[in-house]
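Chain residues, written in single-letter form:
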Amino acid sequence: KIFIPASDGNYVVRIHFNDSDAFERLFSYWINDVKVLENYTPSENTPYGRRGVSIEEFKVEVTNGSGIHITSIGEAEPWYDSFEAAYEVISTGIQ
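Everything quoted here is computed from the prediction, not taken from an experiment. (Residues numbered from 1 in each chain as written. Predicted model: local features only at pLDDT ≥ 70, side-chain atom pairs only at ≥ 80, totals over all residues. Heavy atoms only, no water.)

## Digging into the nonpolar core
The tendency in soluble globular proteins is for nonpolar side chains to be buried side by side.
Link 1 in the chain: Core analysis: the biggest nonpolar cluster contains 16 residues, and Tyr29, Ile31, Ile68 and Ile70 have the highest contact counts within it.
Link 2 in the chain: Among the secondary structure elements, those contributing two or more residues to this core are β2 (9-19), β3 (27-31), β4 (34-40), β5 (52-62) and β6 (68-74).
Link 3 in the chain: At four residues, β2 tops the list of elements feeding residues into this core. (Core = buried A, V, L, I, M, F, W, Y, C linked by side-chain atoms within 4.5 Å. Buried < 20%, exposed > 50% of the residue type's maximum accessible area, 1.4 Å probe, protein only. Helix = DSSP H or I, 4+ residues; strand = E, 2+ residues; numbered from the N terminus.)

## Some details on the confidence of the model for the chain
Link 1 in the chain: On average, residues of the chain score 83 in pLDDT, and 74% of them reach the 70 mark or higher.
Link 2 in the chain: Confidence, expressed as mean pLDDT per element, reaches its minimum in the chain at strand β7 (residues 84-94) with 87 and its maximum at strand β1 (residues 2-4) with 95. (pLDDT = per-residue confidence, 0-100.)

## Things to note about the sheet that holds β4
Link 1 in the chain: Pairing in this open sheet of four strands is antiparallel, and the strands run β1-β6-β3-β4 from one edge to the other. With partners counted over all chains shown, the strands left at the sheet margins are β1 and β4, one partner each. The average angle at which neighbouring strand axes cross in this sheet is 15°, direction not considered.
Link 2 in the chain: Both β3 and β4 contribute to a ladder of four bridges, which runs antiparallel. Paired with tryptophan 30 across the two strands is lysine 35, which belongs to β4. (Pairing = 2+ DSSP bridges. Axes fitted to C-alpha atoms, helices over the stretch in contact; angles between N-to-C directions.)

## A look at the side chain of glutamate 56
Link 1 in the chain: Inspection of the secondary structure assignment puts glutamate 56 in strand β5.
Link 2 in the chain: The side chain of glutamate 56 sits in the buried core without any salt bridge; arginine 14 is the nearest counter-charge, 10 Å away.
Link 3 in the chain: In this structure the side chain of glutamate 56 is engaged in a polar contact, spanning 3.0 Å, whose partner is the side chain of tyrosine 40. (Lys, Arg positive; Asp, Glu negative; His and termini not counted. Salt bridge = Lys/Arg side-chain N within 4 Å of Asp/Glu carboxyl O. Polar contact = N/O pair within 3.5 Å; in protein donor to acceptor, adjacent residues only side chain to side chain.)

## Quick word on the pattern of salt bridges
Link 1 in the chain: On inspection of all chains with the given rule, the structure shows three salt bridges.
Link 2 in the chain: Between glutamate 88 and arginine 14 there is a salt bridge; the shortest N-O distance is 3.2 Å. In this pair, glutamate 88 sits in strand β7 while arginine 14 sits in strand β2, placing the two residues 74 residues apart along the sequence.
Link 3 in the chain: Taking the relative accessible area as the measure of exposure, glutamate 88 reaches 27% and is therefore partly exposed.

## Considering the environment of histidine 69
Link 1 in the chain: Here histidine 69 shows up in strand β6.
Link 2 in the chain: As a C-alpha pair, histidine 69 and isoleucine 4 span 65 residues in sequence and 6.4 Å in three-dimensional space.
Link 3 in the chain: Once residues lying within four places of it in the same chain are set aside, the contact partners of histidine 69 are Ile2, Phe3, Trp30, Ile31 and Asn32.
Link 4 in the chain: A distance of 3.0 Å separates the side chain of histidine 69 from the backbone oxygen of serine 66, its partner in a polar contact. (Contact = heavy atoms within 4.5 Å.)

Here is the structure:
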């Protein structure tokens, strides 16, 4: 679980992945209790085939001072490790 303090408002959240293995890893992601990715495989979403970097982007609204909560769960054995290289949060408007 990741918690990012954020004031009420609208944001773009980008998750940067770096997958250097050819194994198929499956993950589901939630941002503020909303499922944003299901059975996601980073290596299948890179411009270089089975290995490389991918970025997924989501619009998020923060209310009631709750901040941004990101949760990921591995969906396939035995590769539960996720490969997030970075989380990027960009404000698109404060309420």
